[in-house]
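Each chain, written out:
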Amino acid sequence: KQEVTQIPAALSVPEGENLVLNCSFTDSAIYNLQWFRQDPGKGLTSLLLIQSSQREQTSGRLNASLDKSSGRSTLYIAASQPGDSATYLCAVRGRNYGQNFVFGPGTRLSVLP
Amino acid sequence: GAGVSQTPSNKVTEKGKYVELRCDPISGHTALYWYRQSLGQGPEFLIYFQGTGAADDSGLPNDRFFAVRPEGSVSTLKIQRTERGDSAVYLCASSLDPNTGELFFGEGSRLTVL
């Protein structure tokens, strides 16, 4: 069974800091991994999708890396802003578990002005 | 449509009642997913459709839960004899390709069972 964990569970940083969120998964046989952002009371917004053949993806101040062999992904946020405050979730689409994504519990990020 | 649309956004019902939640995916997306999210947790998989058929319903918690997608577009999640433990946010997502496609979510339907 695929299990996804995220560390830390919560993070508070001052505005302007660079930060890294971590995601780990137990089964490396994956199609891809996707990072999402969720604001309170809202749905999930897609941030980055990394295919299993890729090492990283970048969008603006966000950079996501994937190390399939070690079962890890990181989301790097540069020059954090108060508007980045949200819960960040990673999800893994495994080859052994149909086509559905398995989600981690999320990291709750607070960026203080 | 431009995005995944879910209705109702909020539903309050009494224990034992029947509930339907609707999802309208992004036009052209053949893969449709239902997830359930409880407070402070990540979404939990319920069921996945490829076209009109349920390709994987292994996440449905029991036989009170059922979902359909008769024409391969709009899907309805049906919950019979609701229980207080069914209270959660029900999220729908769609994807253009079931293996490699990016997943796009709706805003969710918040269900409260009193």
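Note: the structure precedes this text.
Cut-offs applied
- Residues numbered from 1 in each chain as written.
- Chains lettered and ligands numbered in written order.
- Predicted model: local features only at pLDDT ≥ 70, side-chain atom pairs only at ≥ 80, totals over all residues.
- Heavy atoms only, no water.
- Helix = DSSP H or I, 4+ residues; strand = E, 2+ residues; numbered from the N terminus.
- Rg over C-alpha atoms; globule rule 2.2 N^0.38 Å.
- Pairing = 2+ DSSP bridges.
- Axes fitted to C-alpha atoms, helices over the stretch in contact; angles between N-to-C directions.
- Buried < 20%, exposed > 50% of the residue type's maximum accessible area, 1.4 Å probe, protein only.
- Disulfide = S-S within 2.5 Å.
- Salt bridge = Lys/Arg side-chain N within 4 Å of Asp/Glu carboxyl O.
- Contact = heavy atoms within 4.5 Å.
- Buried area = accessible area lost by both parts, 1.4 Å probe.
- Polar contact = N/O pair within 3.5 Å; in protein donor to acceptor, adjacent residues only side chain to side chain.
- Nonpolar A, V, L, I, M, F, W, Y, C, P; charged D, E, K, R; others polar.

For the rest of this paragraph, the subject is the overall build of chain A. When its secondary structure is counted, chain A shows zero helices and 11 strands. Listing each helix as α and each strand as β along chain A from the N terminus yields β-β-β-β-β-β-β-β-β-β-β. Taken against the 2.2 N^0.38 rule, which gives 13 Å for 113 residues, the C-alpha radius of gyration of chain A at 14 Å falls within 12% of a compact globule. Projected onto the principal axes, the alpha-carbon positions of chain A cover approximately 45 × 30 × 20 Å.

A few words on the environment of Asp56 of chain B. Take Asp56 of chain B: it is sitting in strand E6 (residues 53-56). With 23 residues separating them along the chain, Asp56 of chain B and Tyr33 of chain B place their C-alpha atoms 9.5 Å apart.

This paragraph deals with the sheet that holds strand E7 (residues 62-67) of chain A. All names here are of chain A. In spatial order, the strands read E1-E3-E8-E7-E6; together these five strands make up an open sheet with antiparallel pairing. Only two strands of the sheet have a single partner each, and these edge strands are strand E1 (4-7) and strand E6 (56-59). Across the sheet, the mean angle separating the axes of adjacent strands is 15° when strand polarity is ignored. Relative to E7, E6 is paired through four bridges, and the arrangement is antiparallel.

This next bit is on the sheet that holds strand E1 (residues 5-7) of chain B. Residues and elements named next belong to chain B. Spatial ordering of the open sheet is given by E1-E3-E8-E7, a layout of four strands whose pairing is antiparallel. This sheet does not close on itself; its edge strands, each paired only once, are E1 and strand E7 (65-68). Strand-to-strand, the axes of this sheet are offset by a mean angle of 15°, without reference to chain direction. For strand E3 (residues 19-24) and strand E8 (residues 75-79), the ladder comprises five bridges, and the chain directions are antiparallel. Within E8, the residue paired with Leu21 across the bridge is Leu77.

Residues of E7 of chain B alternate between two faces, with Phe65 and Ala67 of chain B buried on one and Phe66 and Val68 of chain B left unburied on the opposite face. In this antiparallel pair of consecutive strands, E7 of chain B and E8 of chain B, the connection spans six residues, and Gly72 of chain B shows a positive phi of 80°.

What follows covers the state of the cysteines. Considering all chains together, one arrives at two disulfides over all chains under this definition. Each disulfide pairs two cysteine sulfurs, and for Cys23 of chain A the partner residue is Cys90 of chain A, the sulfurs being separated by 2.0 Å. Taking the torsion about the S-S bond as the criterion, the Cys23 of chain A to Cys90 of chain A disulfide, at about 75°, is right-handed. Of this pair, Cys23 of chain A sits in strand E3 (residues 19-25) while Cys90 of chain A sits in strand E9 (residues 86-94); the two residues are 67 residues apart in sequence, bridging distant segments of the chain. Each member of the pair, Cys23 of chain A together with Cys90 of chain A, is buried. Across the disulfide, Cys23 of chain B is cross-linked to Cys92 of chain B (sulfur-sulfur distance 1.8 Å). Here Cys23 of chain B and Cys92 of chain B share a disulfide; its torsion about the S-S bond, -65°, makes the bridge left-handed.

Residues and elements named next belong to chain B. A full pass over the atoms with the stated rule returns five salt bridges over all chains. With its nearest N and O atoms 3.6 Å apart, the salt bridge here joins Glu83 to Arg64. With Glu83 in the loop between E8 and strand E9 (88-95) and Arg64 in the loop between E6 and E7, this pair connects stretches of sequence that are 19 residues apart. Owing to a relative accessible area of 39%, Glu83 belongs among the partly exposed residues under this scheme. Since its relative accessible area comes to 6%, Arg64 is described here as buried. Its salt-bridge partner being Asp86, residue Arg64 comes within 2.8 Å of it at the nearest N-O pair. Taken as a pair, Arg64 in the loop between E6 and E7 and Asp86 in the loop between E8 and E9 lie far apart in primary sequence, 22 residues in all.

Contacts between chain B and chain A engage 23 residues on the former and 21 residues on the latter. When chain B packs against chain A, close to 1,600 Å² is buried across both sides, 50% of that on carbon and sulfur atoms. Viewed at the interface, chain A and chain B are joined by zero salt bridges. Between chain B and chain A we count 10 residue pairs in polar contact (both at pLDDT 80 or more) in total. Looking at the side of chain B that touches chain A, the elements with two or more residues in it are strand E4 (31-37), strand E5 (44-50) and E9 of chain B. Here the side of chain B that touches chain A takes three residues from E4 of chain B, the largest share from any one element. Class assignment of the residues belonging to the side of chain B that touches chain A gives a composition of nine nonpolar, nine polar and five charged.

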